[in-house]
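Structural overview for review
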Amino acid sequence: MSELALAWSNVILILAVVFSFAALLSWIERRLLGVWQDRYGPNRVGPFGLLQIAADAIKLLSKEDWVPPFSEKALFVLAPVIIAVTTLLAFAVVPVAPGIGVVDLNIGLLFFLAMSSLGVYSIVLGGWASNNKYSLLGGFRAAAQMLSYEVFMGLSLMGVVMLAGSFNLRDIVAAQEDLWFCIPQILGFITFTVAGIAEARRLPFDLPEAENELVAGFHTEYSSMKFGLFFIGEYVGVILISAMMVTLFFGGWLGPLLPPLMWFLLKTFIVIGFFILLRASLPRPRYDQLMAYAWKVMLPLTLVNLLVTGAIVLAWKS
Amino acid sequence: MWNSLKTMWTIFLHMFRRRVTIQYPDEKPVIPPRWRGRIILSRDPDGEERCVACYLCAAACPVDCIALQATEDEYGRRYPSFFRINFSRCIFCGYCEEACPTDAIQLTPDFEMGEYDRKNLVYEKEDLLIDGTGKYPGYNFYRVAGLAIKGKDKGDAQDEAPPVDLHRLLP
Amino acid sequence: MATIHIDNRPYPVKEGENLLQQCLSLGFNLPYFCWHPALGSVGACRQCAIKQFKNEEDKHGKIVMACMTPATDGARISIEDPEAREFRASIIEWLMINHPHDCPVCDEGGECHLQDMTVMTGHTYRRYRGRKRTFHNQNLGPLVNHEMNRCIQCYRCTRFYRDYAGGRDFDALVLRNEVYFGRHQDGTLESEFSGNLVEVCPTGVFTDKSLKQHYTRKWDFQTAPSVCVHCGLGCNTIPGERYGTLRRIHNRFNGAVNGYFLCDRGRYGYDFVNSERRIRRPALRNNRSEPLQPISKGEAVQFLAELLANGTRIIGIGSPRASIEANFALRTLVGPERFYAGVSEQDGRLLASMLDILGQGPARSPSLHEVELADAVLVLGEDVTNTAPLLALALRQSIRRQPQKMAEKMHIPHWNDHAVRAAVQQEQGPLFIAAIADTKLDDVATEMFRGVPDDLARLGFAVAHAIDPRAPPVSDLPDTMRTLADTIAKALKAAGRPLVVSGMGCANVAVIEAAASVAWALCNTGHAAELCFAVPECNSLGAAMIGGAHLELAFETVLGTAAYTGIAADTVIILENDLYHRADAAAVDRFLAAARNVVVIDHISHATSARADVVLPAGTFAETDGTLVNNEGRAQRFFQVFVPQGDIQESWRWAQDLITAAGADKDDPWLNLDQVTAACAASIPGLQPILRAAPTANFRIGGQKVPRQPHRYSGRTAMLANIDVHEPEPPEDPDAPLSFSMEGYPNHPPPALNPRFWAPGWNSVQALNKFQDEVGGALTGGDPGVRLIEPLPAGKVGYFTNIPSAFERRAGEWLVVPLRHIFGTEELSALAPALAELAAKPYLALNPDDAAELGLATGDDSQLQLQRNPGQKYRLPVRLEPGLQRGSAGLPVGLPVLAGIAVPAWGKVTGVGQETPS
């Protein structure tokens, strides 16, 4: 098999898995929420309600693809594409297992950060192009929220980089052979988790959508597959953040007995489950609380982590 | 933070609880008798229509989904010549039942009224009228009202004195 | 103005009025039953109890009845005093002890004064567990339903029926707690005002029997301000519609016109709107031997447009029962010179004469309220009870003016009804009635005179001469008449507000001129005399002001026998008019046969529409808007109550459609009523003020229209669900500032637009109190309507000199004179089933002596042949009428079979089977 064919098969495989997993996640999430809320969740279409995904897909595809006449049409159409593209691109650097992965970039971590911060354009532009007050408010919130949380998201990872001594994600995984970074980098782990949830706009940080005050926030005016793209984008985002957390803090594919791929998938799924548990249990903060939390708690914590890690690394190295 | 974690733990533990969901179409729920479901018109213990077409239910209805027309039989008994409830508008608030002075209109535990065609949700008197007294047995409005109807002349109702003799001259 | 303290706050009040009325005027909610603004106080029900204090220091006070206590400056009273409250609550509890458990099946429910007052006093729970008193009901005829169990013995019914309206066949019977209000036996109530019992009764003892046929609660009626179309007085009404049918008429208070009451013709005549005889679709026939075939509106307009485009020469015939706008639209369609008034030559002359007298003479035409204030009245030749019923009711009040002065001298306030009546006993003010036959008002007349119309006119002229010697004397006057004339003249001259009443009842111009002469003679001798004419139809004066040649000329024009040849015509458009009611049947037959095309625009099918080639469905008063001019010369707007089904539309819209379809050079078509009204006001002299009769369609309060449906209107999403489950959009109304929905301005609109009387806590008709500045007075914002005719200053006009000569009997011939009936003679109300039951049956009235001479007795068949048209023989049962002058015979004109007969006329009367005496 040529190298090119291998690369392409990698790309297609990962794309297919990510997409189908994102779709499956919509079912998994609802079932898990059901489990934690003493009910069933979707269980009537197909075995265990699995075909609910197909039903949803059919519904989304067959709905009227409506572009509001008052909207900024080009941007309106572009916005959902951006989010889907950027989150999928970020997947390129995720080291799934040895030999599985799209590219092995030296600056993989920076690429991930860059892509995830591009995603915010989708939300802001979508909210603005909708020309609707709820959408615009959602867009505003997204912009401020992403800006604030990205600041310490990057910083929180610097500890990991220092420990691993590389921006290459495969090197970072390899560096966790002995000890997963979630132990030495506990502060970095916590802050990255919080930032990751905020980046994925998941509850409790889903203020840009906040359906009980903003109708549906930035995607109020979206319907059919354009809404579907936002939807997929969100789930892909969840998978991405989970995968990154596994890579950066839980030793990626490393583990005994089971093949590396299985370890990666298992760890990722547990992290996703944790995200869903968050959604099931925590209320949404007020907007000012959200901002204060980022700037007054999380940012200082990250900086402290950076300083301490830096000092330890320096001391240990010297 | 600690609170949040505690909450998450509590929620997580719910994984091991019994589900409260009743698998409705396969498993029938127990509906209490005072459930506010499909509306019916009942009959009095004599088997006559209880509704006297007073229009109070229509007036009480917040979505104005009750329309009727009063009429009278040859003896002066009031009844509705038509009585229509548009269930596609009904919000099952039960105000009509509360307003009804004769216990005629009642909400029942039946809620399985789904239709594919909205117009099938328009119920006429034939669809509403049942053969029994419903939730309130025993009450018969015309037995306490002053109006004379067939078989009940003036003075025959509950707690009524015989009609005054206009030609009696005694003081 | 005096100041009284109510619950320690000062309020300005009118000194001498009773406290109840003043408290209500100030906006307090004080319960009451027996008091009525028009009937005064009797203090019977004890419901309006309040606390009165001697002075500021007095904390104890005493309970008084507000309705029996005059307001004096500095008085201190308390409405909220706990003892007074408890007293009122106890009174209600007593009144409710025998009240049956009937509200759900009672027609009064939802607009019941007793319900309102019970809620107001807080009596929510019945403690009484004993037996309730019951009564048997009476059948009081087709108009009023009787349910005696509900009575609370307030005596309002007898006070209205007997004391106010002069009825005799209804009274309080039996004793103590068994008092019964009814007749001595079952039977139709005789009074023409019996329907008012429905509104006067504070609870459901008397209810509307015609409403019972299609019962609807007050909150479910779609209503609009309207004007009665069944006589010329223009009483204000509130017609109520539900499910597309008109269901009742309620009184709409207008302080200047009808006040609190309506006559039974006005109240029950509405049912013609629901008649089987309504024209609901356009119809056409191509051949006169075929029946009319229904066609679509478009086809009808198309057909008529072709007709008009083909150079057909058309004329239009208007109608005094159609609105000003409808008449004017037809006039515009055919052109003023081709427009004919829809009245006979005789009626046209009478109306023109009245307009002339009122507009050029010094005597003012009074409103009905002003009639009530007159203190000496001469009724000349008019049977007002039958031609203008509410005028008779007003006259019954006028005779109380002079005796009231006696009561005032005894310091009895005018509102203390029982005391005033006890003080004046049988005293009454002067009311002289000169009429063809006995009238129902005779029981209160000071003196009466009976004669044929010419003799009535002579009496009038004699009175005028007796008042002002400058008026021409009457020759050959018998002594009795001269004495009577002197008596009348003396009484009129002695009065402060003398009034002369006449009208078209005699169908005699001399009678009208004589009445005018009397009024003018009074004016010329320095008395502020008023002159009131009764006219037969709702827009008689308005149509007369629009003008147009009379009907007979239209006939001659089409037949080609007109004296001048200026106009020729072969097509005639007849607007809301049954010509067989206006002219001799044979003449109408000839006319309709001669016209190549007969187009009838009307809402009711009748003999004329049956012979038409094209019939267009017009709306009734309840389905259209328009302006009517009443006998006073007051223009009043009536508004559409509901949207009719089918192709029915306003007459003026038909005219507009035809104008547009014919391509007549008209710059911009009329799109709404206001444009028609404006065009009419601009082109007809004297009609400018009609623009002010009511606000225009653009009128909004806070950007909102006035809702025709009350806020509790029910069934919106269900009433049409059997037809279509999707609720239709409420219809637009381009013609009126009222909407066909519940949405709109929720508070009091201007009086001319007020569709109902309702106030929080006041669901009954008594809510009216909240719409008046002072209870019993004018509506807040002024009584609706605008006067078109004002008199010229005194002394400008010369007296009429055309005095007829005395009546002389002719051997073998009878002067047939008109007799009037309230029910059955008016075309539209006669179609209402309830009134049809009461309608007079055709008869021929004869003086008993004449009848004896002819060998006829009551009920015998007689045959009447009019000299003018000997071929036509009428077979009628004889009725004896002692009041009729010998040599005259009375004919109840206007009844369907006798319609169109012009009287007075000479004719022969024979017994059936008898040979004509030579």
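Please refer to the structure higher up on the page.
Rules behind the numbers
- Residues numbered from 1 in each chain as written.
- Chains lettered and ligands numbered in written order.
- Predicted model: local features only at pLDDT ≥ 70, side-chain atom pairs only at ≥ 80, totals over all residues.
- Heavy atoms only, no water.
- Contact = heavy atoms within 4.5 Å.
- Disulfide = S-S within 2.5 Å.
- Buried < 20%, exposed > 50% of the residue type's maximum accessible area, 1.4 Å probe, protein only.
- Phe/Tyr/Trp six-rings, centres within 6.5 Å; stacked < 30°, edge-to-face > 60°.
- Helix = DSSP H or I, 4+ residues; strand = E, 2+ residues; numbered from the N terminus.
- Buried area = accessible area lost by both parts, 1.4 Å probe.
- Salt bridge = Lys/Arg side-chain N within 4 Å of Asp/Glu carboxyl O.
- Polar contact = N/O pair within 3.5 Å; in protein donor to acceptor, adjacent residues only side chain to side chain.
- Pairing = 2+ DSSP bridges.
- Nonpolar A, V, L, I, M, F, W, Y, C, P; charged D, E, K, R; others polar.
- Axes fitted to C-alpha atoms, helices over the stretch in contact; angles between N-to-C directions.
- Parallel < 35°, antiparallel > 145°, perpendicular 65-115°, else oblique.
- Left-handed = near helix turned anticlockwise from the far one by under 90°.
- Patch = residues over 30% accessible without salt bridge, like charges linked within 9 Å, V, L, I, M, F, W, Y side chains within 5 Å.
- Areas by Shrake-Rupley, 256 points an atom, 1.4 Å probe, with all protein chains shown as cover.

**So, the arrangement of the chains**
Contacts are most numerous, across the two pairs of chains in contact, for chains B and C. Taking C-alpha atoms as the reference, chain A and chain C come no closer than 24 Å and do not contact one another.

**Focus: the state of the cysteines**
All names here are of chain C. Tallied over the full model, the rule gives zero disulfides over all chains. Sulfur of cysteine 67: no disulfide; nearest cysteine sulfur belongs to cysteine 48 and is 3.7 Å away. Cysteine 235 supplies the cysteine sulfur nearest to cysteine 231, a cysteine that is in no disulfide, at a spacing of 5.9 Å. Judged by relative accessible area, which is 6%, cysteine 231 ranks as buried.

**Some details on the packing of aromatic side chains**
The final tally for this structure, using the stated rule, is 41 aromatic pairs over all chains. Taken together, a centroid distance of 6.1 Å and an interplanar angle of 55° make the contact between tryptophan 35 of chain B and phenylalanine 111 of chain B tilted. Residue tryptophan 35 of chain B is located in the loop between α1 (2-13) and β1 (39-41), and its partner phenylalanine 111 of chain B is located in the loop between β4 (105-107) and β5 (122-123); the two are separated by 76 residues in the primary sequence. With centroids separated by 4.9 Å and ring planes inclined at 90°, the aromatic side chains of tyrosine 155 of chain C and phenylalanine 181 of chain C adopt a geometry described as edge-to-face. One end of the pair, tyrosine 155 of chain C, is in the loop between β7 (144-146) and α4 (156-164); the other, phenylalanine 181 of chain C, is in strand β9 (residues 180-182), and 26 residues separate them in sequence. Residue tyrosine 155 of chain C is classed as partly exposed on the basis of its relative accessible area, which comes to 32%. In this structure an aromatic cluster arises from ring pairing among Trp180, Phe189, Phe192, Phe249 and Phe250 of chain A.

**A few points about the interface of chain B and chain C**
Listed as interface residues are 47 residues of chain B and, on the opposing side, 46 residues of chain C. Summed over both sides, the interface between chain B and chain C buries roughly 3,700 Å², with carbon and sulfur atoms accounting for 54% of that surface. At the boundary of chain B with chain C, the tally comes to six salt bridges. Between arginine 78 of chain B and aspartate 107 of chain C there is a salt bridge whose closest N-O contact spans 2.2 Å. Remark: the boundary between chain B and chain C carries 28 residue pairs in polar contact (both at pLDDT 80 or more). Looking at the side of chain B that touches chain C, the elements with two or more residues in it are α2 (56-60), β2 (66-72), β3 (78-86), α5 (141-144) and β6 (160-163) of chain B. If one sorts the elements of the side of chain B that touches chain C by residue count, β2 of chain B sits on top with six residues. Pairing geometry for β6 of chain B and strand β6 (residues 132-134) of chain C, over two bridges, is parallel. Its bridge partner being in β6 of chain C, proline 163 of chain B is matched across the sheet by threonine 134 of chain C.

**What to know about the interface of chain A and chain B**
Chain A puts 14 residues into the contact, and the matching count from chain B is 15 residues. Both sides together, the interface formed by chain A and chain B hides about 1,500 Å², and carbon and sulfur atoms give 59% of it. Interface area lost by chain A to chain B is led by Trp36, Asp38 and Tyr40 of chain A, which between them contribute 42%. There are one salt bridge connecting chain A and chain B. Across the pair arginine 44 of chain A and aspartate 26 of chain B runs a salt bridge, and its minimum N-O distance is 3.0 Å. At the surface where chain A touches chain B, the tally comes to five residue pairs in polar contact (both at pLDDT 80 or more). Counting residues per element, the ones that place at least two in the side of chain A that touches chain B are α1 (3-36) and α10 (260-281) of chain A. Per-element accounting of the side of chain A that touches chain B gives the leading share, five residues, to α10 of chain A. The residue inventory of the side of chain A that touches chain B, partitioned by class, reads nine nonpolar, two polar and three charged.

**Remarks on the sheet that holds β5 of chain B**
Residue and element names in this part refer to chain B. Across the sheet, which stays open at both edges, the three strands sit in the order β2-β3-β5 with antiparallel pairing between neighbours. Among the strands making up the open sheet, the edge pair consists of β2 and β5. For β3 and β5, the ladder comprises two bridges, and the chain directions are antiparallel. Residue pairing across strands places isoleucine 85 opposite tyrosine 123, the latter belonging to β5.

**Observations concerning the sheet that holds strand β32 (residues 814-819) of chain C**
Residues and elements named next belong to chain C. Pairing in this closed barrel of six strands is mixed, and the strands run β32-β36-β33-β35-β34-β37 around the ring. Neighbour-to-neighbour, the strand axes of the sheet open up by a mean angle of 45°, direction not taken into account. Note that strand β34 (residues 861-866) and strand β37 (residues 905-911) share five bridges and pair antiparallel. Note on β37: the bridge partner recorded for glutamine 863 is threonine 910.

**Topic: unusual backbone geometry**
Backbone phi values are negative for most residues with the exception of glycine, while trans is the configuration of most peptide bonds. All names here are of chain C. With an omega of 0°, the peptide bond between valine 903 and proline 904 qualifies as cis. Position of proline 904 among the secondary structure elements: in the loop between β36 (888-892) and β37. Positive phi is not limited to glycine here, since glutamine 425 has a value of about 50°. With respect to the helices, strands and loops of the structure, glutamine 425 is situated in the loop between α15 (417-424) and β20 (431-435). Accessibility expressed as a relative area gives 56% for glutamine 425, which makes it exposed. Phi is positive for aspartate 476, close to 55°, though the residue is something other than glycine. Mapped onto the elements, aspartate 476 comes out in the loop between α16 (453-467) and α17 (479-494).

**Digging into the packing of helix α8 (residues 297-309) of chain C against helix α23 (residues 651-661) of chain C**
Residue and element names in this part refer to chain C. Running from N to C, α8 and α23 cross one another at 55°; their axes reach a closest spacing of 9 Å. Judged by the inter-axis angle, α8 sits oblique to α23. Handedness of the α8/α23 crossing: right-handed. Here Lys297, Val301, Leu304, Ala305 and Leu308 of α8 lie close against α23, whose contacting residues are Trp654, Asp657, Leu658 and Ala661. Along the lines of polarity and charge, the residues of the contact of α8 with α23 split into seven nonpolar, no polar and two charged.

**Description of the packing of helix α5 (residues 133-164) of chain A against helix α7 (residues 186-199) of chain A**
Residue and element names in this part refer to chain A. Where α5 meets α7, the closest approach of the two axes is 9 Å, and the angle between their N-to-C directions is 150°. When the interaxial angle is binned, α5 and α7 end up roughly antiparallel. Read as a crossing pair, α5 and α7 show a hand that is left-handed. Contact with α5, carried on its side by Gln145, Met146, Tyr149, Glu150, Phe152, Met153, Ser156 and Leu157, involves Gly188, Thr191, Phe192, Val194, Ala195, Gly196, Ala198 and Glu199 of α7 and no other residues of that element. Taken together, the residues of the contact of α5 with α7 sort by class into nine nonpolar, five polar and two charged.

**What to know about the environment of lysine 493 of chain C**
All names here are of chain C. Relative to the helices and strands, lysine 493 resides in helix α17. When the C-alpha atoms of lysine 493 and valine 558 are compared, they prove to be 52 Å apart, with 65 residues separating the residues in sequence. Those residues within four positions of lysine 493 in sequence are excluded, and the remaining contacts are Ala466, Ile467, Leu522 and His527.

**Re a nonpolar patch on the surface**
Residues and elements named next belong to chain A. A grouping of Leu257, Leu258, Leu261, Met262, Leu265, Leu266 and Ile270 is seen on the molecular surface, where their side chains present a nonpolar patch of about 700 Å² in accessible area. In this structure, isoleucine 270 sits in helix α10. Given the relative accessible area of 55%, isoleucine 270 is considered exposed.

**A word on the side chain of aspartate 208 of chain C**
Note that aspartate 208 of chain C resides in strand β10 (residues 206-208). Within the structure, the side chain of aspartate 208 of chain C is placed 3.1 Å from the backbone nitrogen of leucine 211 of chain C, a separation counted as a polar contact.

**Topic: the pattern of salt bridges**
If you walk through the whole model with that rule in mind, you get 69 salt bridges over all chains. The salt bridge involving aspartate 46 of chain B is made with arginine 143 of chain B; its shortest N-O contact spans 3.8 Å. Of this pair, aspartate 46 of chain B sits in the loop between β1 and α2 while arginine 143 of chain B sits in helix α5; the two residues are 97 residues apart in sequence, bridging distant segments of the chain. What makes aspartate 46 of chain B partly exposed here is its relative accessible area of 48%. For arginine 143 of chain B, a relative accessible area of 36% puts it in the partly exposed group. Measuring nitrogen to oxygen at the nearest pair gives 2.8 Å for the salt bridge that ties lysine 51 of chain C to glutamate 83 of chain C. In this pair, lysine 51 of chain C is assigned in strand β3 (residues 49-53) and glutamate 83 of chain C in helix α2 (residues 82-97), connecting sequence segments 32 residues apart. Judged by relative accessible area, which is 45%, glutamate 83 of chain C ranks as partly exposed.

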